[in-house]
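# Understanding the architecture of this molecule
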Amino acid sequence: MAELAIKFNNNPADSLKMVGITGTNGKTTTTWMLSHILATTLPDTSIGTIGTIGQRINGIPIKKGTFTTPESPELQADLRYFVDSGCSICIMEVSSIGLMMQRVGGLLFDVTAFTNFTQDHLDIHGSMTQYLEEKQKLFSDHVHQSSTSILVA
């Protein structure tokens, strides 16, 4: 489904610098802080954000989110909207469930960040090992050779 959604929306991520943030806690805060830092340092740059509190462009809400990481058709439509609205950066929360369900399938991130890892979602993942394996997919399956990864301690 993800690959079809990408093609249907004409590969919008190819026109964006993609930033993906994962971790048990802190994804929303990190997304917000980074978007504000970039908006201050790059005032002529439009920034789209996707996450728990919805989708925004330059901090202005454009729609409420359904999931922290939307299903791939919604995600790709959001990315297309960002591009068509003049955004050049997308900062998004990437949940373990989103990774497990391949909602970000086919996406490669320019920057990835890992905020922390504590016990959560064991009802879905079954074990801490499986939970961590899902999180690790962001750094193994969704990066390219020149990507940068940040681990926050």
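Structure: above.
First, a word on scope: everything that follows refers to the structure included in this document. All values reported here derive from a predicted model rather than from experimental measurement.

Here is what the cut-offs are and how they apply
Residues numbered from 1 in each chain as written. Predicted model: local features only at pLDDT ≥ 70, side-chain atom pairs only at ≥ 80, totals over all residues. Heavy atoms only, no water. Helix = DSSP H or I, 4+ residues; strand = E, 2+ residues; numbered from the N terminus. Rg over C-alpha atoms; globule rule 2.2 N^0.38 Å. Buried < 20%, exposed > 50% of the residue type's maximum accessible area, 1.4 Å probe, protein only. Contact = heavy atoms within 4.5 Å. Areas by Shrake-Rupley, 256 points an atom, 1.4 Å probe, with all protein chains shown as cover. Polar contact = N/O pair within 3.5 Å; in protein donor to acceptor, adjacent residues only side chain to side chain. Patch = residues over 30% accessible without salt bridge, like charges linked within 9 Å, V, L, I, M, F, W, Y side chains within 5 Å. Salt bridge = Lys/Arg side-chain N within 4 Å of Asp/Glu carboxyl O. Phe/Tyr/Trp six-rings, centres within 6.5 Å; stacked < 30°, edge-to-face > 60°. Lys NZ or Arg CZ within 6 Å of the ring centre and 35° of its normal. Pairing = 2+ DSSP bridges.

## Examining the overall build of the protein
Helix and strand counts for the protein come out as six helices and seven strands. Listed by position from the N terminus, the elements making up the protein come as α-β-α-β-β-β-α-β-α-β-α-α-β. What you see for the protein is a C-alpha radius of gyration of 14 Å, in line with the 15 Å of a compact globule of 153 residues. Across its three principal axes, the protein shows a C-alpha extent of roughly 45 × 35 × 35 Å. Counting the 153 residues in the protein, one finds 45% classified as buried. Relative to all contacts within the protein whose residues are 6 or more apart in sequence, the contacts with residues 24 or more apart total 76%. Accessible surface, the protein as shown: approximately 7800 Å² in total, 56% of it carbon and sulfur.

## Some points on the environment of Ser-85
Mapped onto the elements of the fold, Ser-85 is located in the loop between helix H3 (72-84) and strand S5 (87-93). For the pair Ser-85 and Ser-46, spaced 39 residues apart in sequence, the C-alpha to C-alpha distance is 8.4 Å. Only 2.8 Å separates the side chain of Ser-85 from the backbone oxygen of Tyr-81, close enough to count as a polar contact.

## Looking at a nonpolar patch on the surface
A surface patch of nonpolar side chains, about 240 Å² in accessible area, is lined by Met-100, Met-101 and Ile-124. Tracing the sequence through the fold places Ile-124 in helix H5 (residues 122-125). Relative accessible area serves as the criterion here: at 38%, Ile-124 is assigned to the partly exposed category.

## Details of the environment of Gln-102
Locating Gln-102 in the fold gives a position in the loop between helix H4 (96-100) and strand S6 (109-114). Each C-alpha atom of the pair Gln-102 and Ala-2 lies 7.1 Å from the other, and the pair is 100 residues apart in sequence.

## Looking at the packing of aromatic side chains
Scanning all chains against the criterion turns up one aromatic pair. Looking at Arg-103, its charged tip hangs above the ring of Phe-67, at a distance of 4.2 Å from the centre.

## Let's talk about the pairing of strand S3 (residues 54-57)
Side chains Gly-54 and Arg-56 project from S3 onto one buried face, and the interleaved Gln-55 and Ile-57 project onto a second face that is buried too. Relative to S3, strand S2 (residues 46-51) runs antiparallel, the two sharing four bridges. By the bridge assignment, Thr-49 is partnered in S3 with Arg-56. The antiparallel hairpin formed by S2 and S3 contains two residues in its connecting segment. Here S3 pairs with strand S4 (residues 60-63) via three bridges, running antiparallel. Opposite Arg-56, over in S4, you have Pro-61 as the bridge partner. Turn length for the S3-S4 hairpin, with the two strands adjacent in sequence and antiparallel, is two residues, and the turn residue Asn-58 shows positive phi of about 50°.

## Describing the pattern of salt bridges
On inspection of all chains with the given rule, the structure shows five salt bridges. Among the salt bridges present, the one from Lys-137 reaches Glu-134, with a minimum N-O distance of 2.9 Å. Remark: Glu-134 and Lys-137 occur in helix H6 (residues 128-140); sequence separation between them is three residues, near one turn of the helix. Under the relative-accessibility criterion, Lys-137 is labelled partly exposed at 27%. The class for Glu-134 is buried, based on a relative accessible area of 4%. Look at the salt bridges and you will find they share partners, linking Lys-63, Glu-74 and Asp-78 into a network.

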